Amino acid sequence: KDSKLAVLTYGSPGNSVRYAAKNLRKESIVFSHYDMRFAKPLDNDLMDKILSNYENILTIEDGSITGGFGSAVIEYASEKSFDNQIVRLGVPDKFVYHGHQNELKEECNYDINSIVLKIKELSQ
């Protein structure tokens, strides 16, 4: 595998990842970001390219982790016998109470700080 980390986003978290990338470059932490347009069907050619070239995959979505975009990536990787480490961030399968978007993202661990920490962890 050529590179360490690919971050795949679906929906609005792509903006947070672009912001994080600018700040992480200052710390010499680099990764590839793919802002996916479709959760289903997945772009098979692109998924093959990503899974062949990156050791770690981080998916981030502004929706349910269970049965969502990240799950589709894991299913695809499994069906094609890829062995990448795939980590998902998004809304967990639990009750999330009302609040401002930033508060809820923090509670669900996919706010900007959580994203930066996870990228740092997976880039090592």
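Right, let's walk through the structure included here. Note that the structure is predicted; figures quoted are calculated from it, not measured. Once a new chain begins, its residue numbering starts again from 1 and follows that chain's sequence as written. Per-residue local features of the predicted model are confined to residues with pLDDT of at least 70, and side-chain atom pairs are confined, for both listing and counting, to 80 or more; whole-chain, interface and lining totals are unaffected and use all residues. Values reported for side chains reflect all heavy atoms of the structure, with hydrogen atoms and water molecules removed beforehand.

Let us now look at the environment of Leu 42. Secondary structure elements are defined from DSSP: runs of H or I of at least 4 residues count as helices, runs of E of at least 2 residues count as strands, and each element is numbered from the N terminus. Among the secondary structure elements, Leu 42 is positioned in the loop between strand S2 (32–36) and helix H2 (44–53). Each residue is assigned to one of three classes by its accessible area relative to the maximum for its type, calculated with a 1.4 Å probe on protein chains only: buried under 20%, partly exposed between the two thresholds, exposed over 50%. Relative accessible area serves as the criterion here: at 14%, Leu 42 is assigned to the buried category. Measuring from C-alpha to C-alpha, the distance between Leu 42 and Tyr 76 comes to 8.5 Å, with 34 residues separating the pair along the chain. Only heavy atoms enter the contact rule, under which two residues are in contact if any of them lie within 4.5 Å. In contact with Leu 42, other than residues within four places in its own chain, are Met 47, Phe 69, Ala 72, Val 73 and Tyr 76.

So, about the side chain of Asn 84. Tracing the chain through its elements places Asn 84 in the loop between helix H3 (69–79) and strand S4 (85–91). Under this definition, polar contacts are N or O atom pairs within 3.5 Å; protein pairs additionally need one hydrogen-donor-capable and one acceptor-capable atom, and for neighbouring residues in sequence, both atoms have to be side-chain atoms. Here the side chain of Asn 84 touches Tyr 54 through a polar contact of 2.5 Å, landing on its backbone oxygen.

Take the nonpolar core next. Residues Leu 5, Val 7, Leu 24, Phe 31, Leu 58, Ile 60 and Ile 119 are the most contacted members of the largest nonpolar core, which totals 18 residues. Among the elements of the structure, strand S1 (3–10), helix H1 (13–25), strand S3 (54–64), S4 and helix H5 (112–123) are those that each provide at least two residues to this core. Ignoring sequence-local partners within four residues, the contact set of Val 7 consists of Val 17, Phe 31, Ser 32, His 33, Tyr 34, Leu 58, Ile 60 and Ile 119. Judged by nonpolar contacts, the second largest core, of 17 residues, contains Leu 8, Met 47, Ile 57 and Val 73. What we call a nonpolar core is a set of buried Ala, Val, Leu, Ile, Met, Phe, Trp, Tyr and Cys residues that are connected through their side-chain atoms within 4.5 Å.

Two rings from Phe, Tyr or Trp (for Trp, the six-membered ring) form a pair when their centres are within 6.5 Å of each other. A pair whose planes differ by under 30 degrees is stacked, one over 60 is edge-to-face, and the rest are tilted. In total, this model carries two aromatic pairs according to the counting rule given. On the basis of an interplanar angle of 80° and a centroid distance of 6.1 Å, the ring pair of Tyr 34 and Tyr 54 is categorised as edge-to-face. Taken together, the residues span a long stretch of sequence, with Tyr 34 in strand S2 and Tyr 54 in strand S3 at a distance of 20 residues. The class of Tyr 34 is buried, set by a relative accessible area of 16%.

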